[in-house]
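Read off the chains here:
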Amino acid sequence: MPLLVFLPILAFILTSFVFFKKTKADIRFVFVWSALIWMLTAIVIVEGLSLFHVLTKGGVATCWMLAIAGSIVFLFCGKGEFQKIKIRRFKDLSKLDLVFAFLITVIICVVGLIAFYGAPNNWDSMTYHLPRVMHWIQNQSVEHYPTAILRQLYQPPGAEFIILHFQILTDSDRFANFAQWFSMIGCVFVLSLIAKEFGVGKTGQLLTGFLAATIPMGILQGSSTQNDYVASFWLVCFVYFQLRIFRNNKAKGQCWPEIVGMALSLGFGLLTKGTIYIFVISWLIWFFVSGLLKNQKRVFQYCLVIGLICLVVNVGFYTRNMMLFGHPLSAGSEDYINKGGVIGNGISNVIRNAALHIGTPSSQINAFLKDKIIGFHTMMGLNENEVNNSWGEFEIRTPTMSEDIAGNPFHFLLIVCVFIFVFVSMKKEVLLRRYALMIIAAFLLFCMLFKWQLFHSRLHLPLFLLSMPIVAVMVTKMRTQWLSVVLVIIFTLTALPPLFWNERHPIIAQKNIFNTSRMEQYFSYRKFMALPYVLSVKYAGSRANKDVGLLLGSDDWEYPLWVLLKSQNPNVKIWHTNVKNISGRISQKYAENVNVIISEINDPPIVFTWDDKVYLKRQSFSFMSIYENPKP
C-alpha cells in the first residue's frame, strides 16, 4: 500500500488537532470543521494544479505535505492550549447507549471493510464517475476533453475530486469507495449533533446515529463510488449550521462562523450533486424569511456571503461548462425535467416516489399495491407511465440489495408515522415542526420538478437522513424505553441484508468480495461483458504502437477498459475517438498516436475515417470490435 495515501488522511487528523487546541468543542463538531477545511484544500489543490497542467502524483503529494506543514505550524506555534478530548466513560453510559454505540461501530466497520475489498462495479461508476478521474489523471488537468459520455463533463465533480486524490496517490482504485464511507461516518456524527440542537440527550443522539447507520440505501451507498452519501453529508452539515443559528439565537454579528460553515457546506454540496440545488431551496427560504421576520439587517449580507462562497467553490466547474455547453450545469441533452402539468404529474410523482420504498417480499402484495396506485391514477385522469413525466415503466419491486434501486421500507414507515405524530401531537415544538416541514417541502419540490424513475430511491437518501433526528425527539418525548428496544431489534434485522448480501459486494455468498478477484468483481453486474473486454484489450494492446482509442456510445462501460489496458501497459494513453457530440470540438492533439481503436457501438461499420485516417475492422469479440489504421 503506497504510503502517499496517508498524506491527505494525516492532513485531516492534524487539522482536527488544531481545532481541538483552539476550542473546547465536541469531537463531532471538530470533525465537521475539519472536513470542511479538508475539502476546501482538496478543491484548491485540484483546481490550482489543473491551471498549469501539473495535476500529477508529485504535485498532489507536495501540496498535501505543504498543508500538513501548515497544520503543524498552527498546532505548535499558534495561540491557545491543548484541550482534553472528552471521551465518555463506559460507566456513564446506559446499557441501551452501549448497544447503540456498539451497533453503529459494527455497521460502519463492516461497510468500511466492504469499501476496501469491494471493487467499484456500479453502472454510473463504470460509465462516468471513475473514467473522468482517469482522464483527469492522464491529462494532468480537470479541463474538459472529447468524450462520447458527456456526463463525464457536465455532472458536478465534487465526489470525484475526493476520489482523485486517493487514486492518483495510490495508482489504484482501492480507496475509491472511501469518499462515500467517510461521508457515512460524517452523517452519523452530524445528525447526532442536530438531535442535540433539539435538546435530545445522549441516548437520543446515539439513537439518531443508529437509525441513520441502518438505512439500507445508506449502507449500500457507503461502499460505492457514487456520490449520494457525499452530497448527503454536505447537505446535513448545511442544515446543522442553520439550526445552530436558529437554536442559539446568537447576537447580532456573532453567527459568522455558522454562516461560513453554511456557505462552505452548501458550496461543496452543489459541487457534488445537482439534486442539492432542489433540496436546499426550502431551507434557504426558511433562513431568509426567518431573518427578515426577526429584523436582522444583516440577513442580506449573510445571503450575499453564502452566495459568493458557493460561487467561488464552484467557479472552476461552472466556467468549464459555460465555455463548452453555454450552461453551468447542463449539456442541453438531458431529459430529467418533468414536462407535464406540475400539479397532476406532481401528485403522480409523489405517490410513485413514495412507492419506491413500499415493496414487499410478496409479489402478490406488490401487485395489489401497484393496482391500487394505477387505479388512483385512473380516477385522477393521470397516466402512471406518462412519457413526459416518467423514465421507464412504473412498478413495485420486491426488496433488493442493489445500491441503485434499494428501498428503505421500515425507515419510510417510521418517518411517515413520526411526521404525523409531530404535526398532530407536538404543536409546541415549533422549530421541530418547521424542520419537518422543510423536509416535506424538499421532497415535494423534487417530485414536481423531476421525472419519476426507478432509480430515485437513492436520491432520497439525504431526506431519510435528515428525518432521523425527528424520530429521536419523538422517542425522547414519549419516555418509553421499550420503544427504543423495539427500534433496535427491527432496524438491526433490516440492516443485515444490505450489510452481508449486498448484490454488488456480497460478504456471505459462494462468491464474495474475499474470494473473488478484483478484476472479476468489476463485471459482477454484467458478467457476460468480462470475456469480450479481456480479449479485446489483449488483442488491441498487442497491436497498439503507443495510444489506444475508444469508440463508445453515450452510456457504455469505459472504466474496465482503463483497468485492463493499464494492467497490460501502465504507460498507455487512452482517448475517445470519432466523438460526434459537442465535446468533439475540443482540440485532439493526440490523434497521430492512435493506431488501434476499441469499439463497443452497436452495428459497427467495417471501415470508418477519423482525423483523416482510415480504420479497418480487424477483429471482433462478441459485441466488441477492434479497428486498426494500416501501417503506411
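Now for a description of the structure that goes with this document. Predicted model only: the values in this text are computed from it and were never measured.

Right, let's talk about the overall build of the protein chain for a bit. Looking only at helices and strands, one finds 24 helices and eight strands in the protein chain. Over its C-alpha atoms the protein chain spans a radius of gyration of 25 Å, differing by no more than 12% from the 26 Å that the globule rule assigns to 632 residues. Taken along the three principal axes of its C-alpha coordinates, the protein chain extends 80 × 70 × 50 Å. Looking at the protein chain as a whole, 55% of its 632 residues are labelled buried.

Judged by side-chain polarity, Val342, Ile343, Ile347, Met379, Met380, Leu437, Ile440, Leu444, Met448 and Leu449 come together as a nonpolar surface patch covering roughly 830 Å² of accessible area. Listed by contribution, the elements that provide at least two residues to the nonpolar patch are helix 16 (342-355) and helix 19 (430-449). Along the chain, the position of Ile343 falls in helix 16. Judged by relative accessible area, which is 60%, Ile343 ranks as exposed.

This part is about the pairing of strand 4 (residues 573-576). One ladder, built from four bridges, connects strand 3 (residues 547-551) with strand 4; its direction is parallel. Note that in strand 4 the partner of Val548 across the bridge is Ile574. Handedness of the strand 3-helix 24 (residues 559-568)-strand 4 crossover: right-handed.

We now examine the sheet that holds strand 5 (residues 594-599). Read across the open sheet, the six strands follow the order 4-3-5-8-7-6; overall the sheet is mixed. The sheet is open, and its two borders are formed by strand 4 and strand 6 (607-610), each paired with just one other strand. The mean angle between the axes of side-by-side strands here comes to 30°, regardless of whether they run parallel or antiparallel. In terms of strand pairing, strand 7 (residues 613-621) meets strand 8 (residues 624-628) through five bridges, oriented antiparallel. Bridging across to strand 8, Lys617 finds its partner in Tyr627.

Attention now goes to the nonpolar core. Ile194, Tyr435 and Ile598 are the most contacted members of the largest nonpolar core, which totals 179 residues. Ranked by residue count, the leading element in this core is helix 11 (residues 228-248), at 15 residues. In contact with Ile598, not counting residues within four places along its chain, are Ser536, Val537, Ala540, Val548, Gly549, Leu550, Leu551, Leu561, Leu565, Met624, Ser625 and Ile626. The next biggest cluster of nonpolar side chains, apart from the first, holds nine residues, and it includes Leu551, Tyr590, Trp610 and Tyr615.

The element strand 8 is largely enclosed, with a buried count of five among its five residues. Burial of strand 8 is two-sided: the residues Met624, Ile626 and Glu628 facing one way and the residues Ser625 and Tyr627 facing the other way are all buried. In this sheet, strand 8 lies alongside strand 5 in antiparallel orientation, the contact comprising four bridges. Looking across to strand 8, one finds that Ser599 is bridged to Ser625. In textbook terms, the turn of a hairpin is the stretch between consecutive antiparallel strands, and for strand 7 and strand 8 this stretch comprises two residues, one of which, Ser622, has a positive phi near 60°.

Time to look at the packing of helix 14 (residues 281-293) against helix 15 (residues 299-325). Orientation of helix 14 relative to helix 15, taken along the N-to-C sense of each, is 155°, at an axis distance of 9 Å. When the axes of helix 14 and helix 15 are compared, the pair comes out roughly antiparallel. Along the contact surface, helix 14 presents Phe287, Phe288, Gly291 and Leu292, while helix 15 presents Val299, Phe300, Tyr302, Cys303 and Ile306.

Across the interface, helix 8 (residues 178-197) lies against helix 20 (residues 461-478) with an axial gap of 8 Å and an inter-helix angle of 40°. In terms of axis orientation, helix 8 runs oblique to helix 20. The handedness of the crossing between helix 8 and helix 20 is right-handed. Contacts between helix 8 and helix 20 involve Cys187, Leu191, Ile194 and Ala195 on the former and, on the latter, Leu465, Leu466 and Pro469. Of the residues that constitute the contact of helix 8 with helix 20, the class distribution is seven nonpolar, no polar and no charged.

Take the pattern of salt bridges next. Taken as a whole, this structure holds 20 salt bridges when the rule is applied. Asp26 is the partner of Arg28 in a salt bridge, and the nearest nitrogen-oxygen pair spans 2.7 Å. Overall, Arg28 belongs to the buried group, its relative accessible area being 13%. A salt bridge links Glu503 to Arg504; its shortest N-O distance comes to 3.9 Å. The partly exposed category is assigned to Glu503, whose relative accessible area is 42%. The network of salt bridges with common partners includes Asp124, Arg151, Asp228, Lys273, Arg458 and Asp555.

The next point concerns the environment of Ser125. One can find Ser125 in helix 5 (residues 123-139). Sequence separation of Ser125 and Asn227 is 102 residues, and the distance between their C-alpha atoms is 9.6 Å. Discounting chain neighbours no more than four positions away, the residues touching Ser125 are Leu130, Pro131, Thr225, Gln226 and Tyr559.

Turning next to the packing of aromatic side chains. Here the structure, examined in full by the defined rule, presents 47 aromatic pairs. Pairing Phe500 with Trp501 gives two aromatic rings, centres 6.2 Å apart and planes at 75°, and the pair type is edge-to-face. Accessibility expressed as a relative area gives 23% for Phe500, which makes it partly exposed. Taken together, the ring pairs connect Trp38, Trp64, Phe116, Tyr117, Phe166, Phe175, Phe178, Trp181, Phe182 and Phe514 into an aromatic cluster.

So, about the side chain of His165. Along the chain, the position of His165 falls in helix 7 (residues 158-170). By relative accessible area, His165 is classed as buried at 1%. A polar side-chain atom of His165 sits 3.1 Å from the main-chain carbonyl oxygen of Ala42. The residues touching His165, leaving out its near neighbours within four places in the chain, are Ala42, Ile45, Val46, Val60 and Trp64.

In this structure, Asp171 is a non-glycine residue whose phi angle is positive, near 55°. Structurally, Asp171 can be placed in the loop between helix 7 and helix 8.

This paragraph deals with helix 14. A turn of α-helix holds 3.6 residues, and therefore any two residues three or four places apart point the same way. Spanning 13 residues, helix 14 covers 18 Å between terminal C-alpha atoms, matching the ideal 18 Å at 1.5 Å per step. Of the positions making up helix 14, those classed as buried are Ser282, Trp283, Trp286, Phe287, Ser290 and Gly291. The buried residues of helix 14 occupy an angular sector of 165° when the element is viewed end-on, so they sit on one face. Summarising the contacts, the buried residues of helix 14 are in contact with helix 11, helix 12 (256-272), helix 13 (275-279), helix 15, helix 19 and helix 20.

Under the 1.5 Å per step criterion, the end-to-end length of helix 5 is 24 Å for 17 residues, consistent within 8% with the ideal 24 Å. Where helix 5 bends most, at Pro131, the angle is about 35°. Within helix 5, 14 of the 17 residues are buried, which leaves it mostly tucked inside the rest of the structure. A distance of 2.9 Å separates the backbone nitrogen of Asp124 from a side-chain oxygen at the start of helix 5, and that oxygen is part of Asn122. Following helix 5 by one or two positions, Gln140 has its phi on the positive side, about 60°.

Cut-offs and rules
- Residues numbered from 1 in each chain as written.
- Predicted model: local features only at pLDDT ≥ 70, side-chain atom pairs only at ≥ 80, totals over all residues.
- Heavy atoms only, no water.
- Helix = DSSP H or I, 4+ residues; strand = E, 2+ residues; numbered from the N terminus.
- Rg over C-alpha atoms; globule rule 2.2 N^0.38 Å.
- Buried < 20%, exposed > 50% of the residue type's maximum accessible area, 1.4 Å probe, protein only.
- Patch = residues over 30% accessible without salt bridge, like charges linked within 9 Å, V, L, I, M, F, W, Y side chains within 5 Å.
- Areas by Shrake-Rupley, 256 points an atom, 1.4 Å probe, with all protein chains shown as cover.
- Salt bridge = Lys/Arg side-chain N within 4 Å of Asp/Glu carboxyl O.
- Pairing = 2+ DSSP bridges.
- Right-handed = clockwise from strand over helix to strand, strands pointing away.
- Axes fitted to C-alpha atoms, helices over the stretch in contact; angles between N-to-C directions.
- Core = buried A, V, L, I, M, F, W, Y, C linked by side-chain atoms within 4.5 Å.
- Contact = heavy atoms within 4.5 Å.
- Parallel < 35°, antiparallel > 145°, perpendicular 65-115°, else oblique.
- Left-handed = near helix turned anticlockwise from the far one by under 90°.
- Nonpolar A, V, L, I, M, F, W, Y, C, P; charged D, E, K, R; others polar.
- Phe/Tyr/Trp six-rings, centres within 6.5 Å; stacked < 30°, edge-to-face > 60°.
- Polar contact = N/O pair within 3.5 Å; in protein donor to acceptor, adjacent residues only side chain to side chain.
- Expected span 1.5 Å × (residues − 1).
- Arc of directions from axis to C-beta.
- Bend = angle between axes of the 7 residues up to and from the residue.

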